Amino acid sequence: LMRSARKAKELLAQGLAWVKHRDRNVEQEKLEKRRLVPYHQHINLELLDAVFLSSAMLLEIPLLAKQEIYPDHHYISRAFRRFIRTYSEQVFTGPPENTKDHILAAAQALRLGDWRTATDYVLKLSVWNLFQDSKAVKSMLARRIKDEALRTYMLSYSANYNSIKIEHLCKLFDLS
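Now for a description of the structure that goes with this document. Fair warning: this is a prediction, and the values are worked out from it, not measured in the lab.

### Here we look at helix 3 (residues 45-69)
Link 1 in the chain: Look at helix 3: 36 Å from first C-alpha to last across 25 residues, which is about the 36 Å you get at 1.5 Å a residue.
Link 2 in the chain: Maximum bend of helix 3: about 25 degrees, positioned at Met57.

Pasting the structure below:
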């Protein structure tokens, strides 16, 4: 997640991060304001967070399942790992309220191989409607969640099976 919205806006040239004790003259302010991206070209920060967190979820959850079998210290997103650890250590987790909560709840469901719940949590986010072809984005997300849930399920429960029928997996993951 973006550490601070001000810093993210400054990095994306969507705003200025004002620091109290920083000396700025009028000329510097004018130059910095000229570098800003016009408002109609701004990137929605909530959408940016949703894309980052959902991408990290799709990459990290199968990797976590794999590391339970073959331990190593490889990770893709340290921030997402920290979020998921903090979220899973909470005694009580209420219903998700924001983008981060929705993705973390989906990640918990994905960890268990529950692709339907994970898909529901991710697709409930209204930010996906900001894409031009939101139906295609949503269907791609649903397909990717299903694929990663299958991968995670196979890694997580491989110790419990000597063999498994493809028909059983097709039924579990609604595959054709």
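### Some remarks on the nonpolar core
Link 1 in the chain: Membership of the largest hydrophobic core comes to 32 residues, with the highest contact counts inside it found for Met57, Phe80, Val122, Trp128 and Ile145.
Link 2 in the chain: If you list the elements that add at least two residues to this core, you get helix 3, helix 4 (78-89), helix 5 (99-111), helix 6 (115-123) and helix 7 (134-156).
Link 3 in the chain: For this core, the element with the highest residue contribution is helix 3, accounting for 8 residues.
Link 4 in the chain: Not counting chain neighbours up to four residues away, the residues in contact with Ile145 comprise Met57, Leu58, Leu110, Trp115, Ala118, Thr119 and Val122.

### Some details on the pattern of salt bridges
Link 1 in the chain: Scanning all chains against the criterion turns up 3 salt bridges.
Link 2 in the chain: Here Arg81 ties to Glu60 by a salt bridge, and the two come within 2.4 Å at their closest N and O atoms. In this pair, Arg81 is assigned in helix 4 and Glu60 in helix 3, connecting sequence segments 21 residues apart.
Link 3 in the chain: Here Glu148 ties to Arg151 by a salt bridge, and the two come within 2.6 Å at their closest N and O atoms. On the criterion of helical spacing, the pair formed by Glu148 and Arg151 is a turn pair, its members being 3 residues apart in helix 7.
Link 4 in the chain: Take Arg151: its relative accessible area is 44%, and that puts it in the partly exposed class.

### Quick word on the side chain of Arg81
Link 1 in the chain: Residue classification places Arg81 among the buried positions, given a relative accessible area of 16%.
Link 2 in the chain: The residues touching Arg81, leaving out its near neighbours within four places in the chain, are Glu60, Leu63, Leu64, Gln67, His74 and Tyr75.

### Considerations on the side chain of Ser54
Link 1 in the chain: As for its placement among the helices and strands, Ser54 is situated in helix 3.
Link 2 in the chain: The class for Ser54 is buried, based on a relative accessible area of 4%.
Link 3 in the chain: Sequence-distant contacts of Ser54, that is, excluding residues within four places in its chain, are made with Ile103, Trp128 and Leu141.

### Notes on helix 6
Link 1 in the chain: Looking at helix 6, one finds that the buried residues are Trp115, Ala118, Thr119 and Val122. What you see down the axis of helix 6 is that its buried residues fit within an arc of 100 degrees, all on one side.
Link 2 in the chain: Those residues of helix 6 hidden inside the fold are in contact with helix 3, helix 5, helix 7 and helix 8 (166-172).

### Some remarks on the packing of aromatic side chains
Link 1 in the chain: Across all of its chains, the model carries 3 aromatic pairs by this definition.
Link 2 in the chain: Where Trp128 meets Phe131, the ring centres are 6.3 Å apart and the plane angle is 10 degrees; that geometry is what we call stacked.
Link 3 in the chain: For Trp128, a relative accessible area of 2% puts it in the buried group.
Link 4 in the chain: When the ring of Tyr153 is compared with that of Phe173, the centres are 5.5 Å apart and the planes differ by 70 degrees; the resulting orientation is edge-to-face. Placement of Tyr153 in helix 7 and of Phe173 in the segment after helix 8 is noted, with a sequence separation of 20 residues between them.
Link 5 in the chain: Owing to a relative accessible area of 12%, Tyr153 belongs among the buried residues under this scheme.
Link 6 in the chain: On the basis of relative accessible area, Phe173 is assigned to the buried category, the value being 1%.
Link 7 in the chain: A connected cluster of aromatic rings, assembled from ring pairs, spans Tyr153, Tyr157 and Phe173.
Link 8 in the chain: Over the aromatic face of Phe83 sits the side chain of Arg82, whose NZ or CZ is 5.9 Å from the ring centroid.
Link 9 in the chain: When the ring centre of Trp115 is taken as origin, the NZ or CZ atom of Lys146, which lies over that ring, is 4.6 Å away.

The rules behind these values
Residues numbered from 1 in each chain as written. Predicted model: local features only at pLDDT ≥ 70, side-chain atom pairs only at ≥ 80, totals over all residues. Heavy atoms only, no water. Helix = DSSP H or I, 4+ residues; strand = E, 2+ residues; numbered from the N terminus. Expected span 1.5 Å × (residues − 1). Bend = angle between axes of the 7 residues up to and from the residue. Core = buried A, V, L, I, M, F, W, Y, C linked by side-chain atoms within 4.5 Å. Buried < 20%, exposed > 50% of the residue type's maximum accessible area, 1.4 Å probe, protein only. Contact = heavy atoms within 4.5 Å. Salt bridge = Lys/Arg side-chain N within 4 Å of Asp/Glu carboxyl O. Arc of directions from axis to C-beta. Phe/Tyr/Trp six-rings, centres within 6.5 Å; stacked < 30°, edge-to-face > 60°. Lys NZ or Arg CZ within 6 Å of the ring centre and 35° of its normal.

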